[in-house]
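# Geometric and topological summary
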Amino acid sequence: MGIFRFWSSVGWLIVLGTVAIAFINIINRAIMKKKCASPLQFLVLWYATTTVLFGTIYILFWGLNAPDLLPGFWIALGAGVLVGLGIHFCEARAATIDAGETSLTAPFQAMTPGLIAIVALTLGEFPSKLGILGIFFMASGSWILLVQKKSSGVYEYLGPLRQLRFLLPPAIKRKINAGPLPLELKNKALAVRLSIISACMGTFGLLMDGLYTRRAVTLQGLALACMVYMASSAVLFLFWYLIKNDATPEQKRGALSFFIKYPGLLLLLGISTAWIAHVFLILPAFSSTYVAYVGTLKRLSIIISVILGRILLGEGQFRKRFLAACLVLFGAILISTDDLPTLLSVKIEGFGF
């Protein structure tokens, strides 16, 4: 696909989809920082609402007819659902933390292309020189985010080396005598750790998105896939909530009432609508171009998230976080020249996917 044909057919739609992703990030943060609902409560309500909207769209356009699907569709979709549970729980949990501002977490959550390159190494697919340079730029963006706000001098800018221990689990920190963390850094470390975990799982999730979208064949098949994805996720999150209730007494009493009136209802409908928009704008491109191209353009959402975080939520450290987001995006562009996701997709199909 030539560059002009790419942008005239799917490129501009993907860019619009990245705006929808940015609004998902912003609304997620706006809801969760209110602490009116626990992460699992919110995810159950969000996914259930989106399922109803998807179902309405499906019936209006295709009735009760089932689409023709390629073999392996349900396996890829099931794997995508399981990975998605972890991704969205980590994102929602990070958004509840005071330090978990969208402009901080979004660049870390967008590290998926770099992690894909690392996974590729373990499977014998080596990135090119441009791919290696892309990993460097992504790492540089992360480094900038970890530098403290008032750093001055060479020693202070080496701070991220000391902060790496903040990302370790508590048990390991105790073994290496890392010492107690100030509350502010502890919250930041938790938000960053959750974002990185989300990106790690997103590495596999991106591959599954490409597989089940291509096997869905048509837009009807994609709509069915996403409706089943959201419905099954809502049920699994509800089951998770019943087993391990993560709500405070106030959240148990007030979560539902918050989301059935203004502004909770508007926010819930807004994030569900943005989710549906990003699905129909971005995912069809997996069937007509490389997974790497789609995944890279999706990273535009981090820059938009940083800008919207500043405008709509008043988040600070804008220049530093905007620079970090640009470095992560540039790194993703360089890594995409290898199209490692397509190579990995072929390999994991050999494992039964």
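Figured I'd write up the structure that's included with this text. (Residues numbered from 1 in each chain as written. Predicted model: local features only at pLDDT ≥ 70, side-chain atom pairs only at ≥ 80, totals over all residues. Heavy atoms only, no water.)

Check the secondary structure of the protein chain and you find 17 helices and 0 strands. Taken over 353 residues, the protein chain has a buried fraction of 52%. Across the protein chain, contacts joining residues at least 24 apart in sequence account for 86% of those joining residues at least 6 apart. Carbon together with sulfur atoms contributes 71% to the accessible area of the protein chain, which is approximately 16500 Å² in total. (Helix = DSSP H or I, 4+ residues; strand = E, 2+ residues; numbered from the N terminus. Buried < 20%, exposed > 50% of the residue type's maximum accessible area, 1.4 Å probe, protein only. Contact = heavy atoms within 4.5 Å. Areas by Shrake-Rupley, 256 points an atom, 1.4 Å probe, with all protein chains shown as cover.)

So, on to the side chain of Thr102. Here Thr102 is to be found in helix 4 (residues 102-109). Using a relative accessible area of 3% as the deciding quantity, one classes Thr102 as buried. If we skip the residues at most four places from it in the chain, Thr102 touches Asn25, Ile26, Arg29, Pro107, Ser305, Leu313 and Glu315.

One way to put it is that helix 3 (residues 73-96) packs onto helix 11 (residues 219-243) with a least axis distance of 9 Å and a crossing angle of 50°. When the axes of helix 3 and helix 11 are compared, the pair comes out oblique. By crossing handedness, the relation of helix 3 to helix 11 is classed as right-handed. Across from Phe73, Trp74, Leu77, Gly80, Val81, Gly84, Leu85, His88 and Phe89 in helix 3, the residues of helix 11 making contact are Gly221, Leu224, Ala225, Val228, Tyr229, Ser232, Ser233, Leu236, Phe237 and Trp240. When grouped by side-chain class, the residues that make up the contact of helix 3 with helix 11 number 13 nonpolar, 6 polar and no charged. (Axes fitted to C-alpha atoms, helices over the stretch in contact; angles between N-to-C directions. Parallel < 35°, antiparallel > 145°, perpendicular 65-115°, else oblique. Left-handed = near helix turned anticlockwise from the far one by under 90°. Nonpolar A, V, L, I, M, F, W, Y, C, P; charged D, E, K, R; others polar.)

With 24 residues, helix 3 should reach 34 Å at 1.5 Å per residue; the first-to-last C-alpha distance of 34 Å fits that figure. Bending of helix 3 peaks at approximately 25° at the position of Gly84. Across the 24 residues of helix 3, 18 count as buried, placing the element largely inside the fold. (Expected span 1.5 Å × (residues − 1). Bend = angle between axes of the 7 residues up to and from the residue.)

A few words on the packing of aromatic side chains. Geometry of an aromatic ring pair is reported as the spacing of the ring centres plus the angle between the planes. Under the criterion given, the structure shown has 13 aromatic pairs. Measuring from ring centre to ring centre gives 5.8 Å for Trp46 and Trp275, while their planes differ by 90°; the resulting arrangement is edge-to-face. With Trp46 in helix 2 (residues 39-62) and Trp275 in helix 13 (residues 264-282), this pair connects stretches of sequence that are 229 residues apart. For Trp46, a relative accessible area of 3% gives the class buried. (Phe/Tyr/Trp six-rings, centres within 6.5 Å; stacked < 30°, edge-to-face > 60°.)

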